Amino acid sequence: MTLLASTAPTGALVLVTAVFLASAVEMVEALTIVLAVGVTRGWRSALEGVAAALAVLAALVALVGPPLVHWVPLSALRLVVGGLLLVFGLQWLRKAVLRAAGLKAKHDEDAIFAEQVAELQEAPPATGRDATAFTVAFKGVFLEGLEVVVIVITLGSTSHPSRLGLAAAAAAAAAVVVGLVGLVVHRQLSGVPENAMKMGVGLMLVSFGTFWSAEGVHVAWPGSDLAIPVLVACYGTVAWLLVEALKRTAVRPAPGRAAAPGATHG
Amino acid sequence: MVDADRDARSTARRWLAAFGHFWWEFLIGDTPELFVGAVAVIGILALLCTHTGLRTLAAYLAPVLVSLLLVASVWKAVRRRAS
């Protein structure tokens, strides 16, 4: 009981950080789309699209989260959700490692903004409510937010006691912070260190995924929840070593082989 | 009536396909090795945990296996770029 009480805040802190960073990264990407829509097609329909998408995302969390917490046994939930987080986190971490090593192009908000503006300017102008602006803003926020919903539901529902509300609040706080910053600077946030944030989120998702999927099959973690920050440190070291090794390999290309360009999206 | 039924079925099929596509992209996408590897890691841990005495050993093995999986997937991406 004493051990649980002393380790619970550690898990909550890592959970809030993971959800906040994940939500912030996705919202920066969504903000780029919304700003492009607002600048080219007007703000009213763009903001209506944003509000509608946020409402649908919040409804998804409210509809799916509580039934999972109440009706699915915790060990089964942790096994399945931990597995999901492990796969999802490894995907984020892999991409972040490749980007940090310069083997994959970084997410370029400026290029995406310019691309969106050009596409939206080609659409015919609207009279009254702008369906194009609404749809593009809705899709941008909804699709970027869907990953956050999965993270909020999985991280929030598998904690014991359930921290679904805390996870949802952390995601909403990130959305508000990114929205306010976007409002103040009134441009896309290309200066945000997205890859570093993605690396951080990837590390935390992999750590939570490892911890919970292993708990689901009855692995006995030394130190209980305290194993989570230890896992974050372990995976952080592995990721750093990988990036350094790849950077060294990249400066010595194979003879006669040019460096290939990387991808930009995702 | 028949047309309405067909429309409803077609819409349901489209939603189902979109739902399946979302989860496929979400879990597998262009890194099927991570999905298969994660399932294998959890399977190995589950096997170890059938023996009560090996449950703590499994806790030390889990991050090692997951790290190896990450290294293998990154290595695969580097090899793919090189070829």
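I will try to describe carefully the structure that is included in this document. (Residues numbered from 1 in each chain as written. Chains lettered and ligands numbered in written order. Predicted model: local features only at pLDDT ≥ 70, side-chain atom pairs only at ≥ 80, totals over all residues. Heavy atoms only, no water.)

## Side note on the overall build of chain B
Consideration 1: Secondary structure assignment for chain B yields three helices and zero strands.
Consideration 2: In chain B, the succession of α and β elements from N to C terminus is α-α-α.
Consideration 3: Relative to the globule expectation of 12 Å for 83 residues, the C-alpha radius of gyration of chain B, 20 Å, shows a markedly less compact shape.
Consideration 4: Across its three principal directions, the C-alpha atoms of chain B cover 65 × 45 × 10 Å.
Consideration 5: Looking at chain B as a whole, 31% of its 83 residues are labelled buried. (Helix = DSSP H or I, 4+ residues; strand = E, 2+ residues; numbered from the N terminus. Rg over C-alpha atoms; globule rule 2.2 N^0.38 Å. Buried < 20%, exposed > 50% of the residue type's maximum accessible area, 1.4 Å probe, protein only.)

## Some details on the overall build of chain A
Consideration 1: The secondary structure content of chain A amounts to eight helices and zero strands.
Consideration 2: Each helix and strand of chain A, placed in order from N terminus to C terminus, yields the pattern α-α-α-α-α-α-α-α.
Consideration 3: Buried positions account for 49% of the 266 residues belonging to chain A.
Consideration 4: Excluding contacts between residues fewer than 6 apart, the proportion of contacts in chain A whose partners are at least 24 apart in sequence is 86%.
Consideration 5: Approximately 12,000 Å² of chain A is accessible, and the part contributed by carbon and sulfur atoms is 70%. (Contact = heavy atoms within 4.5 Å. Areas by Shrake-Rupley, 256 points an atom, 1.4 Å probe, with all protein chains shown as cover.)

## Thoughts on the packing of helix α5 (residues 131-158) of chain A against helix α6 (residues 164-185) of chain A
Residue and element names in this part refer to chain A.
Consideration 1: Put simply, α5 and α6 touch, their axes get as near as 7 Å, and they point 150° apart. Put simply, α5 runs roughly antiparallel to α6. In this structure, α5 meets α6 at a crossing whose hand is right-handed. Contacts between α5 and α6 pair V148, V152, I153, G156 and S157 from the former with L164, A167, A168 and A171 from the latter. (Axes fitted to C-alpha atoms, helices over the stretch in contact; angles between N-to-C directions. Parallel < 35°, antiparallel > 145°, perpendicular 65-115°, else oblique. Left-handed = near helix turned anticlockwise from the far one by under 90°.)

## A word on the pattern of salt bridges
Residue and element names in this part refer to chain A.
Consideration 1: Applying the stated criterion across every chain, the model contains four salt bridges over all chains.
Consideration 2: Among the salt bridges present, the one from K198 reaches E29, with a minimum N-O distance of 3.1 Å. One end of the pair, K198, is in helix α7 (residues 194-216); the other, E29, is in helix α1 (residues 2-41), and 169 residues separate them in sequence. For the pair formed by K198 and E29, the shared burial category is buried. (Salt bridge = Lys/Arg side-chain N within 4 Å of Asp/Glu carboxyl O.)

## Considerations on the environment of G38(A)
Consideration 1: Here G38(A) is to be found in helix α1.
Consideration 2: The residues touching G38(A), leaving out its near neighbours within four places in the chain, are W43(A) and A46(A).

## Some words on the packing of α5(A) against α7(A)
Residue and element names in this part refer to chain A.
Consideration 1: Their axes nearest at 12 Å, the elements α5 and α7 cross at an angle of 45°. Of the possible angle classes, the one that applies to α5 and α7 is oblique. In this structure, α5 crosses over α7, and the sense of that crossing is left-handed. Here I151, T154, L155 and T158 of α5 lie close against α7, whose contacting residues are L205, F208 and W212.
Consideration 2: Looking at the contact of α5 with α7 residue by residue, the classes come out as five nonpolar, two polar and no charged. (Nonpolar A, V, L, I, M, F, W, Y, C, P; charged D, E, K, R; others polar.)

## Quick look at helix α2 (residues 43-71) of chain A
Consideration 1: In a regular helix each residue adds 1.5 Å, so 29 residues correspond to 42 Å; α2(A) covers 42 Å between its end C-alpha atoms and thus fits that length.
Consideration 2: By the burial criterion, the buried members of α2(A) are S45(A), A46(A), G49(A), V50(A), A53(A), L57(A), V61(A) and G65(A). (Expected span 1.5 Å × (residues − 1).)

## Digging into the packing of aromatic side chains
Residues and elements named next belong to chain A.
Consideration 1: Scanning the entire structure with this criterion turns up five aromatic pairs over all chains.
Consideration 2: Each ring, one from F134 and one from F138, has its centre 6.2 Å from the other, and the planes form 10°; the classification is stacked. In this pair, F134 and F138 are both assigned in helix α5, four residues apart and thus about one turn of the helix distant.
Consideration 3: Centre to centre, the rings of F211 and W221 are 5.5 Å apart; their planes meet at 25°, and the pair counts as stacked. One end of the pair, F211, is in helix α7; the other, W221, is in the loop between α7 and α8 (227-250), with ten residues separating them in the sequence. (Phe/Tyr/Trp six-rings, centres within 6.5 Å; stacked < 30°, edge-to-face > 60°.)

## Considering the interface of chain B and chain A
Consideration 1: Between chain B and chain A, the contact holds 32 residues from the first and 35 residues from the second.
Consideration 2: Summed over both sides, the interface between chain B and chain A buries roughly 2,900 Å², with carbon and sulfur atoms accounting for 78% of that surface.
Consideration 3: Ranking the residues of chain B by area buried against chain A places F26(B), L70(B) and R81(B) at the top, with a combined share of 23%.
Consideration 4: Where chain B meets chain A, there are zero salt bridges.
Consideration 5: Inspection of the region where chain B meets chain A yields four residue pairs in polar contact (both at pLDDT 80 or more).
Consideration 6: Elements with a contribution of two residues or more to the side of chain B that touches chain A: α1 (2-27), α2 (32-48) and α3 (55-82) of chain B. (Buried area = accessible area lost by both parts, 1.4 Å probe. Polar contact = N/O pair within 3.5 Å; in protein donor to acceptor, adjacent residues only side chain to side chain.)

## Quick look at the side chain of S45(A)
Consideration 1: Looking at where S45(A) falls in the secondary structure, it is placed in helix α2.
Consideration 2: Beyond its immediate sequence surroundings of up to four residues, S45(A) is in contact with R129(A), D130(A), A133(A) and F134(A).

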